Structures are given as C-alpha cells and as structure tokens.
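What the coordinates show
These are the residues of each chain, in order.
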Amino acid sequence: MSVLLEARQVRKVFHSGGGMWGAPHENVAVDGFSLRLSDAEPAFITIAGESGSGKTTIARLLLGFAEPSGGQVLYRGKDLRQLDPSGQRQFRHEVQAIFQDPFEVYNPFYKVDHILEIPIAKFGLASSPAQARQLMVEALQNVGLRPEETLGRYPHQLSGGQRQRITIARALLLKPRLVIADEPVSMVDASLRATILESLHQLHRDFGISFLYITHDLTTAYQVSQRIVVLYHGTVAEAGEVEQVIKHPKHPYTQELIRSIPVPDPGQGWIEEPVAEKEENEGSQALAGCRYAPRCPHAQPRCLQALPPLFRTEPQRAVACYLCDSAPQLAGENLSEVLEQGH
Ligand SMILES: Nc1ncnc2c1ncn2[C@@H]1O[C@H](COP(=O)(O)OP(=O)(O)OP(=O)(O)O)[C@@H](O)[C@H]1O
Ligand SMILES: [Mg+2]
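In this text the structure is predicted, and so the values were computed from the model without any measurement.

Remarks on the overall build of the protein
Counting its secondary structure elements, the protein contains twelve helices and 14 strands. Contacts spanning at least 24 positions in sequence make up 62% of the contacts within the protein whose residues lie at least 6 apart. Accessible surface computed for the protein: about 16300 Å², of which carbon and sulfur atoms make up 51%.

Some thoughts on the pattern of salt bridges
Charged atoms that come close allow side chains of opposite charge to pair. Within the structure shown, the criterion is met by 19 salt bridges. Among the ionic pairs, Asp325 bridges to Arg302, the shortest N-O distance being 2.8 Å. Of this pair, Asp325 sits in the loop between strand S14 (317–319) and helix H12 (336–339) while Arg302 sits in helix H11 (residues 301–305), and the two are 23 residues apart along the sequence. Between Glu337 and Arg312 there is a salt bridge, with the nearest N and O atoms lying 3.1 Å from each other. Taken together, the positions of Glu337 in helix H12 and Arg312 in strand S13 (residues 311–314) put the pair 25 residues apart, joining distant regions of the chain. Overall, the relative accessible area of 26% leaves Glu337 in the partly exposed class. Accessibility expressed as a relative area gives 22% for Arg312, which makes it partly exposed. Taken together, the shared-partner salt bridges in this structure form one network comprising Asp39, Arg76, Glu94 and Arg177.

Regarding the nonpolar core
In this structure, Leu5, Phe33, Ile180, Val229 and Leu335 are the most contacted members of the largest nonpolar core, which totals 39 residues. With near-sequence residues (within four places) excluded, Leu5 lies in contact with Leu35, Arg36, Leu37, Leu62, Val73, Leu74, Tyr75, Phe91, Leu178 and Ile180. Residues Val137, Leu197, Leu200 and Val224 belong to the second largest nonpolar core, which totals 34 residues.

Comments concerning helix H3 (residues 112–122)
For H3, every residue scored as buried is listed here: Val112, Asp113, Ile115, Leu116, Pro119 and Ile120. Where the residues of H3 are buried, they touch helix H4 (129–142), helix H5 (147–150) and helix H6 (160–173). Trailing H3 by a residue or two, Gly124 shows a phi angle of about 55°, which is positive.

Some words on the sheet that holds strand S1 (residues 3–17)
One open sheet accounts for four strands, arranged S2-S1-S4-S5; its pairing is antiparallel. Two strands lie at the open edges of the sheet, namely strand S2 (24–38) and strand S5 (78–79), each paired on one side alone. As paired elements, strand S4 (residues 70–75) and S5 share two bridges and run antiparallel to each other. Looking at S5, one finds that Tyr75 is bridged to Lys78. Each of S1, S2 and S4 touches helix H1 (residues 55–62); the most contacted strand, S1, lies at about 125° to it.

Some details on unusual backbone geometry
Here Gln9, not a glycine, exhibits a phi torsion of approximately 45°, which is positive. Its identity as a non-glycine residue notwithstanding, His233 has a phi of 45°, on the positive side. Inspection of the secondary structure puts His233 in the loop between strand S9 (227–232) and strand S10 (235–241).

As for the packing of H3 against H4
Where H3 meets H4, the axes come as close as 10 Å, and the angle between the chain directions of the two elements is 115°. On the basis of the axis angle, H3 is roughly perpendicular to H4. Crossing of H3 over H4 shows right-handed handedness. Of the residues in H4, those in contact with Asp113, Leu116, Glu117 and Ile120 of H3 are Ala132, Arg133, Leu135, Met136 and Leu140. Residues of the contact of H3 with H4, tallied by class, amount to six nonpolar, no polar and three charged.

Some details on H1
Across the eight residues that make up H1, a large majority, six, are buried. Lys55, Thr57, Ile58, Ala59, Leu61 and Leu62 are the residues of H1 that are buried. Of the residues flanking the end of H1, it is Gly64, one or two places downstream, whose phi is positive at about 80°.

Things to note about the site of ligand 1
Around ligand 1, the surrounding shell consists of Phe14, Asn27, Ala29, Glu50, Ser51, Gly52, Ser53, Gly54, Lys55, Thr56 and Thr57. In the environment of ligand 1, an oxygen atom lies 2.9 Å from a nitrogen or oxygen atom belonging to the side chain of Asn27. One of the backbone nitrogen or oxygen atoms of Gly52 is found 2.8 Å away from an oxygen atom of ligand 1. In the complex, the protein chains occlude 60% of the 640 Å² of accessible area that ligand 1 would expose alone. Looking at the shell around ligand 1, the elements that each hand over two or more residues are S2 and H1. A total of three residues in the shell around ligand 1 trace back to one element, the largest contributor, which is H1.

Rules and cut-offs
- Residues numbered from 1 in each chain as written.
- Chains lettered and ligands numbered in written order.
- Predicted model: local features only at pLDDT ≥ 70, side-chain atom pairs only at ≥ 80, totals over all residues.
- Heavy atoms only, no water.
- Helix = DSSP H or I, 4+ residues; strand = E, 2+ residues; numbered from the N terminus.
- Contact = heavy atoms within 4.5 Å.
- Areas by Shrake-Rupley, 256 points an atom, 1.4 Å probe, with all protein chains shown as cover.
- Salt bridge = Lys/Arg side-chain N within 4 Å of Asp/Glu carboxyl O.
- Buried < 20%, exposed > 50% of the residue type's maximum accessible area, 1.4 Å probe, protein only.
- Core = buried A, V, L, I, M, F, W, Y, C linked by side-chain atoms within 4.5 Å.
- Pairing = 2+ DSSP bridges.
- Axes fitted to C-alpha atoms, helices over the stretch in contact; angles between N-to-C directions.
- Parallel < 35°, antiparallel > 145°, perpendicular 65-115°, else oblique.
- Left-handed = near helix turned anticlockwise from the far one by under 90°.
- Nonpolar A, V, L, I, M, F, W, Y, C, P; charged D, E, K, R; others polar.
- Near = heavy atom within 4 Å.
- Polar contact = N/O pair within 3.5 Å; in protein donor to acceptor, adjacent residues only side chain to side chain.

Structure (structure tokens):
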C-alpha cells in the first residue's frame, strides 16, 4: 500500500501550571495514536470524541503544526520533521487543513479573491490571470457557490456558511490528496451543515480526495463517513465501520456517547439519557489503566491496572475494552487494518 500520511504511536504531552497557579501539571492529550492513510484508496474517516479528547491535537500533529512528544508522523515514509524544503512544499500542497472558522486569521481588508489567489500564486497553479480566474471560478462552483455572488466581496459580507465554503474551495484549489477538516461545520446552522458536508463527500467521490473529518457530532459523522475512530482522553476507545459502531457500539464509552444523542421521535418526545457528570481530567495522566474506567459502569479491577489493547472483534472493528478480550488483539495497535476498505 502506498501510504500518504501515517501516525505511528504518536503521543503529545502538554506541560502547564507551576508558579503562582499551583503545581506543574502534565496533560497527556494524545497517547499511542496510530493511523495510516493510503494514497491509493481514498477514505472518509471521522475522528470523534467529546471536548478535550485530543481531536484537534491529532489534527495539528498530522499537519505538522505541533511536534509529537513521542512517536512519529510520516509523510510518504519520511518523518515530517525531517522533510527538506521541497518535501515540505509537496506536503503543504497535498495535505490541506480546514478549521472551524479560519476567517479569524484572514485579514478582513482583503477580498475573497485575494484569499483564493494566494495558493494559486504560491504554488504556481496558473500561467495567466485569466487561467487563475478560471481556477477560482471552478473551485467556487465545486462547493456550490456562485462566483458572481462571492468574488469581489469582503469576508464580513458573506454568511458563515459561505465563508466556510470559501475555505473549502481554497483547500481544494490545490487538488490535495488529503483534507484534514477539524469541526468544519460546527459554526454553521443545521440546514447548511448537511449541504457543506455533502459537498465534501462529493469531492471525495469525484476527485478521490481522502478526508479526515474531526467532530464531536456523531450524527454528521454517521451521515458522511465510512469509518470512525472514537477517542476518549487521547486514546482510541473504538474504531471501525461507522454503521456498525453507531448502531451497535461495543465500548461502554461509545455506548454512552450514542445514548446522549437526542432522538426526535414524535411518539415519544425526546429520548435523552443524561450523560454522567464528567470527571475532571486531572490525574488521568497518572492513570495506568483505561482512561474511561472511573466513569465506566462495567469497570473491573484490571481496567485500572493496564490500558486495554485494541481487540479486533470483527474484521473491520477494534475495541479497546476488556469486555471484548475474547477477540484477538490488533497487531501493532494499527487501526488502519480495520479502517481500510475491502477486507
Ligand atoms: N497548546 C496547548 N497547551 C496546553 N494544553 C493543551 C494545548 N492544546 C490542547 N491542550 C489540552 O489537550 C487536551 C486535548 O485538547 P484538544 O484541543 O485536542 O481537544 P479536542 O478534542 O479538539 O476538544 P474540542 O472538542 O473542545 O475542540 C485538552 O485537555 C487540552 O486542554
Ligand atoms: Mg478541537
């Protein structure tokens, strides 16, 4: 398999505190995360988990915006930190990021045109102004925007949904192999969410672009992705085919997450069980065992002693829970085996 991007046992520890705010504190945001994204087989994978579970940290590590405290991120087999300038340039071309509201970082005095012109100029995508204009028009149309309604405008003259689609158009101008999208629709209202996600999915189908869709929202994950990785406090709780994981969750944490999704049912009203009060993450770094054990209704003594490995319960499912220990362990903790297609 030709591997585009790979996380190998990646770990990220943040140090905080000390001084007048108390004792220094280590926060293990990501622990032993491994994932391979193939170049040959485009995938649409969701990384889901509650706030603070390490989703954005994983995105930043994969994009080279943060350095791992342990393990490696490899782009086409080379450590991201050791890429030469031409390798870095190729990486910035092939792997694109979409964040929640990137317009925060754009200069409000620049028109939309300028935002799209930058990557065209930087990567020499056009040989004439007319060709540059054509590329911009196509990129906007690909995400369902009308160029005549968007070009020539300033960011504040567009709706949140239009701004987010411009960001997507900008990422796609470069015809990337992979887009890492961190909560790309959480700032837009529900009616637009489906439209934007559908446009991402269409780009995946039409252009064979892989997507890593990062969200806390299992409903949209179910709508758009084929595979899902559920994170809990920086470790993988469960991963596999989205339909299986969401309809028949096996990890007690995934079960809790699914129960907390409100289900509108005209007959019964809202079926919503309250999620247990979240425990503070303080001290989770000292926990040798399962991070979820303090909250888990099925916890056994061994859950507190050692982190459960991933058990491969089905060809395309892995669960990090001792309740599943009759299944074989996933070799090398490599999630990709259960996330790849066609097994
Ligand atoms: N730069 C940083 N310095 C210190 N701690 C950080 C930093 N970035 C993230 N963290 C901590 O790492 C953990 C994971 O954070 P992260 O932003 O990855 O979570 P998330 O899953 O993206 O959450 P959300 O759904 O709220 O966006 C949290 O405990 C967070 O406080
Ligand atoms: Mg985040």
